[in-house]
Amino acid sequence: MDTIVAIATSHGRSAIGLVRLSGPSSLNILRGLIHDPLFVPEPRKLFLKQIRRESGELLDSVLVSYFEAPHSFTGEEMAEISCHGSPLILRRLLDLAQNLGARLAEPGEFTLRACKNGKMNLTQAEGVRDLINAQTDAAAVQALRQLNGELSGALQPTQHKLIQIIVRLESALEFVEDDLPPIEASQIKKDLLEVIGILSRLAATFGSGRVLRDGIKVTIVGAPNVGKSSIFNRLVGRDRAIVTDIAGTTRDTISELIVLRGIPVSLTDTAGIRSAAGEIEELGVERTHRAAADSDLLLVMTDGSKATTAEDLVIIAEAKGTKHVIAVNKCDLPFRANVDGVLALSKVVHVSAVTGEGLDQLTAAIIEPFGTVDSETAGLLITDSRHYDLLRRAQSSLESSRELLDQSASEELVLVGLHSALRFLGEITGETTADDILAEIFSSFCIGK
Ligand code: GDP
């Protein structure tokens, strides 16, 4: 096993930077870095040391600590070096460690090693990743629950029950010449139904769990000058999230990440898209259509202080094919729109971007179709599509086994589905996950984690 090295703190300048090493040569590399071949540190204690460049000149004064295997995050021998958070010093430290035999770590390689050494299972490792990526308190709470082993803990009794069923069927296969006695068969069916019920209830939490972790995409559409940018700025000014960079923002649209009632919302304003005269209807349709394809919900805006235009009607009609909320803006001005009938079957909120009136109702209306998850009282939620997919596959394998039992099929046939279900559950926690899938999962981690 080689020794890996990485910067564990975020890139760019900071007060303190941390470089970590993991692997059998960690202590030797640390000794080389501080030019003290006889350094025998007490584990988990801090030591003030000096690191020199190869020329012998001082690079930085640092705090170092050492972790003895297996009492470390990865379960291997580890060393950590806290230096000043200068990208230049961190870079030089990495170079020096590499010259002494360390290899740059791949994304998530420290956590992968922790998994391989039995320090945590796969769902816990994914919890580490999700905690680092969490955009809201609610998402962080769920990630921490997973990190603390709640998901694997919840699956364990189910896996155990399934193994018991398999053992019963297999012994029937071995020792009994005749078919399964009817009492035994009906008990197995009952147990199987119970397991299917547990898995399907867990899988059903994915609707809320996904929204909590990944959030929703909301796009504001509407004719020019109805107040799209004003509402966008209002919502962003009030609810901007800590993490604000959103990939794929084009010149014509701007996006910001906000948090509405604990749910991350990527809000996009299409105000920059203007249609040329004569093309209004066509563009209105196409634009709304495109926004709908890329969003979980459309926020359609109209101007309540003016007569409703053909463009408004076209956009509303187009939005009706998808989840949408209609915000009739400028309610601080006299109402002049003629929208009766047009708004039927839609959720309509009267707002004013100028006074802020109706914004709370608008927020509630945007969130409402996605289920209101109270993160404080919600139980364990499935937040990861990989887990959801495997739960569903386990469930459907069990259902086919149950059908076979109903048809009094041979135990061998019934067992096939039970074994697959057990394998799918094991893939969630990493017990039976293939190496290429593990590599793919860990590639979504940060380097240094
Ligand atoms: P967009 O083209 O849809 O993005 O519209 P803007 O946000 O640029 O707003 C167009 C005009 O309407 C601007 O002059 C705004 O000041 C005005 N406006 C926007 N919202 C309101 C509102 O709620 N009440 C009033 N009275 N004026 C508004």
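Because the structure is predicted, anything quoted here is derived from the model rather than measured.

**Considerations on helix 13 (residues 385-406)**
No. 1: The end-to-end C-alpha distance of helix 13 is 31 Å, a good match for the 32 Å that 22 residues give at a rise of 1.5 Å each.
No. 2: All of the buried residues in helix 13 are Arg 386, His 387, Leu 390, Leu 391, Ala 394, Gln 395, Ser 397, Leu 398, Ser 401 and Leu 405. One side of helix 13 carries all its buried residues, which in axial view fall inside an arc of 165°.
No. 3: Where helix 13 begins, the capping side chain belongs to Asp 384, and its oxygen is found 2.8 Å from the backbone nitrogen of Arg 386.
No. 4: Looking at the residues trailing helix 13, positive phi occurs at Ser 408, about 50°.

**Points about the domain arrangement of the protein chain**
No. 1: What the domain assignment reports for the protein chain is domain 1 (4-105), domain 2 (125-205 + 381-433) and domain 3 (219-370).
No. 2: Domain 1 and domain 2 are separated by 43 Å when their C-alpha centres are compared.

**Some thoughts on the pattern of salt bridges**
No. 1: Going through the model one piece at a time under the given rule, you end up with 26 salt bridges.
No. 2: Among the charged side chains, a salt-bridge network with shared partners connects Asp 2, Glu 76, Arg 103, Glu 109 and Arg 113.

**Re the site of the ligand**
No. 1: Lining the immediate surroundings of the ligand are 17 residues, of which Asn 225, Lys 228, Ser 230, Asp 332 and Ala 353 lie closest.
No. 2: Relative to its unbound accessible area of 580 Å², the ligand is 73% covered by the protein chains.
No. 3: A class-by-class count of the residues in the shell around the ligand yields 7 nonpolar, 6 polar and 4 charged.

**Some remarks on the sheet that holds strand 11 (residues 324-329)**
No. 1: Strands sit in the order 8-9-7-10-11-12 across an open sheet of 6 strands; the sheet is mixed. Of all the strands in the sheet, just strand 8 (254-260) and strand 12 (347-350) have a single pairing partner and so form its edges. For this sheet, the mean angle separating the axes of adjacent strands, direction not counted, is 25°.
No. 2: Against the sheet, helix 8 (residues 206-214) makes contact with strand 7 (216-222) and strand 9 (263-269), and its axis sits at roughly 65° relative to strand 9, the strand it touches most.
No. 3: Together, strand 7, strand 10 (297-303) and strand 11 form the strand contacts of helix 11 (residues 310-319), whose direction differs from that of strand 10 by roughly 160°.

**Examining the sheet that holds strand 5 (residues 78-85)**
No. 1: Taken together, the 6 strands give an open sheet; going across it, the order is 3-4-5-2-1-6, and neighbouring strands pair in mixed fashion. Strand pairing shows two members of the sheet lacking a second neighbour, strand 3 (47-52) and strand 6 (103-104), which therefore form its edges.
No. 2: As paired strands, strand 1 (residues 4-7) and strand 6 are joined by 2 bridges and run parallel to one another. Opposite Ile 4, over in strand 6, you have Arg 103 as the bridge partner.
No. 3: Against the sheet, helix 1 (residues 26-33) touches strand 2 (14-22), strand 3, strand 4 (58-67) and strand 5, its axis set at about 35° to strand 5.
No. 4: Across the sheet, helix 3 (residues 109-116) lies against strand 1, strand 2, strand 5 and strand 6, angled at about 135° from strand 1, the strand it touches most.

**What to know about the pairing of strand 7**
No. 1: For strand 7, a buried count of 6 out of 7 residues is recorded, marking the element as mostly surrounded by other parts of the structure.
No. 2: Pairing of strand 7 with strand 9 involves 5 bridges; the strand directions are parallel. Bridge pairing links Ile 216 to Val 265 in strand 9.
No. 3: Of the strand pairs in this sheet, strand 7 and strand 10 are connected by 5 bridges, and their pairing is parallel. Looking across to strand 10, one finds that Gly 222 is bridged to Met 301.

**A few points about the environment of Ile 34**
No. 1: Mapped onto the elements of the fold, Ile 34 is located in the loop between helix 1 and strand 3.
No. 2: The exposure class of Ile 34 is buried, given its relative accessible area of 9%.
No. 3: Put simply, Ile 34 and Val 62 are 28 residues apart on the chain and 9.3 Å apart in space, counted from C-alpha to C-alpha.
No. 4: With residues near it in sequence (within four places) discarded, Ile 34 still touches Phe 39, Lys 49, Gln 50 and Ile 51.

Reading the values: rules and limits
- Residues numbered from 1 in each chain as written.
- Predicted model: local features only at pLDDT ≥ 70, side-chain atom pairs only at ≥ 80, totals over all residues.
- Heavy atoms only, no water.
- Helix = DSSP H or I, 4+ residues; strand = E, 2+ residues; numbered from the N terminus.
- Expected span 1.5 Å × (residues − 1).
- Buried < 20%, exposed > 50% of the residue type's maximum accessible area, 1.4 Å probe, protein only.
- Arc of directions from axis to C-beta.
- Polar contact = N/O pair within 3.5 Å; in protein donor to acceptor, adjacent residues only side chain to side chain.
- Domains from an automatic or database assignment.
- Salt bridge = Lys/Arg side-chain N within 4 Å of Asp/Glu carboxyl O.
- Near = heavy atom within 4 Å.
- Areas by Shrake-Rupley, 256 points an atom, 1.4 Å probe, with all protein chains shown as cover.
- Nonpolar A, V, L, I, M, F, W, Y, C, P; charged D, E, K, R; others polar.
- Pairing = 2+ DSSP bridges.
- Axes fitted to C-alpha atoms, helices over the stretch in contact; angles between N-to-C directions.
- Contact = heavy atoms within 4.5 Å.

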